[in-house]
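The primary structure of each chain is shown beneath.
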Amino acid sequence: MSQKAAYSRIPRVTNRAVAVSRGRGKEFRGNVGACFHFQQKEPTLHPHIIKQARQSGQLNLSNRGMVEVPDVVWNINNITPEESKMLSVSLDDTDGERWWDQVHDNQLTTLPDSIGDLQALTRLNLSHNCLQALPKSIFQLKEMHSLLLQYNQLEELDKDIGNLLFLEQLDLSHNKLVSIPCTIGYLSHVSKLNLSNNKLKMLPPEIGSMDALRSLDITHNFLTELPEELGILLHLEQLYVHHNHLVCLPLFRGSTVLKEVQAGNNRISEISPELLETLMTVKVLDLRDNKISVIPDQITMLRGLEHLNLTNNNLSSLPIALGIMSHLKFLSVEGNPMKSIRRDVIQRGTVHLLRWLRSKMEGSFSESDDGGSCVHQEIGLCSVDRFNLHVTRTLDLSNKGVKNIPEELVKMAIEEDVTSVDLSKNALADVPSSLSTLSMKISELILAFNKFSSLSPVVGNFSRLLYLDLRNNQLNNLPLELSTLTLLKEVNLCNNRFEEFPSVIFTFEKLEILLASDNKIRIVNVSGLAKLPVLTVLDLQNNDISNVPPELGKLRQLRSLQLEGNPFRNPRPSILAKGTPALLEYLRDRIPC
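Residues numbered from 1 in each chain as written. Predicted model: local features only at pLDDT ≥ 70, side-chain atom pairs only at ≥ 80, totals over all residues. Heavy atoms only, no water.

Caption draft 1: Layout of the overall build of the protein. Helix and strand counts for the protein come out as 12 helices and 23 strands. For the protein, buried positions account for 51% of its 593 residues. Of the contacts formed within the protein by residues at least 6 apart in sequence, a portion of 43% connects residues at least 24 apart. If you sum the accessible surface of the protein, you get close to 27,900 Å²; carbon and sulfur atoms cover 47% of it. (Helix = DSSP H or I, 4+ residues; strand = E, 2+ residues; numbered from the N terminus. Buried < 20%, exposed > 50% of the residue type's maximum accessible area, 1.4 Å probe, protein only. Contact = heavy atoms within 4.5 Å. Areas by Shrake-Rupley, 256 points an atom, 1.4 Å probe, with all protein chains shown as cover.)

As structure tokens, then:
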């Protein structure tokens, strides 16, 4: 390679700034506190640093307390004759991500106008500084793709920001901005815009012209409303507006790929059916700490909703239709003045709450005149609505006098990807043999309110079970074959005849909820319970426990421990009334030294 060719590959610097030649990753960084002035009048850099920068295309001056960039930086391209002789290595193999200049974590308060001469600059990081204003010349950098200005003291954004037509990322968070110019609408290539932690009271309607916008963060401002135009952003996927003063949200009629809306800590009082119709693609909806009093039944239109946070609102009830939302993995309603749902139901978490809501639903089965969707069973004629089966993913045969499940019904359940089977209230003494066909599909199996005196080992084949409901039967033990149910998270053994915990219970390492009230349990097997590392709810009410071992207090992961209705004298009722944390502490204090 000729000396001239090698020299042409050296990072070029012009007018008191660092620029990188075209065809490389071009970036200038100057983080919070960065200054263009050292505390010394004529600071110097070690020659070795300059030499490395010329070879790698990377100059890192971060965290040096700079108040002025030394002159040697601006003359970094002026190599000596001795150095020019050594330029015999091609730089083509250098990783593009290394071709940028860093001036991080200093104390910049101003920028020189000459920064506008860096016409090849594509990335500029001036975050974490003390900048109060930007020179107009910065808006002449037409090739800029990324501009990071977070954590500064900016009070105003120049309307010339609209000149940066190729900008893709703009971060103005943690400044003192009180308004955004309408020219921001010209930034049609920006996909990520962060305006959080400023003093904004409104957004310009022109923001609706930012066609490429995918993520918008305007949290921690003083916004009282959002422009309607925000709802026409075709590519918007994430919207963060929590910690503002919003009283409503716009209709997102044009946002067909919206996945996440974080709108907590506002003053929203209503979620209208019209709004829900425009949130069909949303997976995460956070509305915590608002003033919402009603959730419409239309919430079920959000078929892909996985996370719904309604904590600390004014809700007195929930639509029971929430129970059919099979994809909902997180539902929080703590801190609401609920009247229709018991507190213990809410405290037991999403799975239990959704199940409770489903239990309140009616009409999953109805008679059909034409017989088109009917299934004939040995017990008589009933009808399964295929649509309901598809939506709820639940085969509900409770209180139907079931003795067996017809093959055609099992086939329909498979076709509709059923994951839950409810056979409660059927006077069953054994598990229907046809149920085995669904063993690899079912995550919930409800056998409550039957006449089981023993449980078939066949249940051990349901290896994907997360929830097993055996309450109100005549069971006094469980088969060891159930040890294959390694995914179980909740087991309900209430109202049976257990005198001790079945040993197989202690093999369920993912068990979170164990309900065993109203049995005849006499001894609390602490060593066995200690094998359940994520057990958070343990209900042992109304048993025959005469002694509560202090070692039970070591199970610190417990969030709900219910021991009322047992014949022991200690802990006293006054201790139990203080709640689980106080009860566990009381027990730990009594562990022998």
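Caption draft 2: Looking closely at helix α9 (residues 407–415). Within the sequence span of α9, burial applies to L409, V410, M412 and A413. When α9 is viewed along its axis, its buried side chains cluster within an angular range of 160 degrees and face the same direction. Among the exposed residues of α9, those pointing more than 90 degrees away from its buried face are E407 and K411. Among the residues trailing α9, D417 stands out with phi positive, at a value near 55 degrees. (Arc of directions from axis to C-beta.)

Caption draft 3: Quick peek at the environment of H307. Tracing the chain through its elements places H307 in strand β12 (residues 307–309). Separated by 22 residues in sequence, H307 and L285 place their C-alpha atoms 6.1 Å apart. Residues contacting H307, with those up to four places away along its chain left out, are K283, V284, L285, L328 and F330.

Caption draft 4: How the structure looks around the side chain of N221. By the element assignment, N221 lies in the loop between β8 (215–217) and β9 (238–240). For N221, a relative accessible area of 3% corresponds to the buried category. Separated by 3.2 Å, the side chain of N221 and the backbone oxygen of I218 make a polar contact. Residues contacting N221, with those up to four places away along its chain left out, are L195, S196, N197, N198, K199, L200, H243 and N244. (Polar contact = N/O pair within 3.5 Å; in protein donor to acceptor, adjacent residues only side chain to side chain.)

Caption draft 5: Structural view of a nonpolar patch on the surface. A surface patch of nonpolar side chains, about 340 Å² in accessible area, is lined by L165, F166 and Y186. Tracing the chain through its elements places F166 in the loop between β5 (146–148) and β6 (169–171). (Patch = residues over 30% accessible without salt bridge, like charges linked within 9 Å, V, L, I, M, F, W, Y side chains within 5 Å. Salt bridge = Lys/Arg side-chain N within 4 Å of Asp/Glu carboxyl O.)

Caption draft 6: Up close: the packing of aromatic side chains. Considering all chains together, one arrives at 1 aromatic pair under this definition. The interplanar angle of 70 degrees and the centroid separation of 6.0 Å between the aromatic rings of F501 and F506 together place this pair among those described as edge-to-face. Of the two residues, F501 and F506, neither departs from the other in class, the shared state being buried. One residue, R355, lies across the ring of Y467, its end atom 2.8 Å from the ring centre. (Phe/Tyr/Trp six-rings, centres within 6.5 Å; stacked < 30°, edge-to-face > 60°. Lys NZ or Arg CZ within 6 Å of the ring centre and 35° of its normal.)

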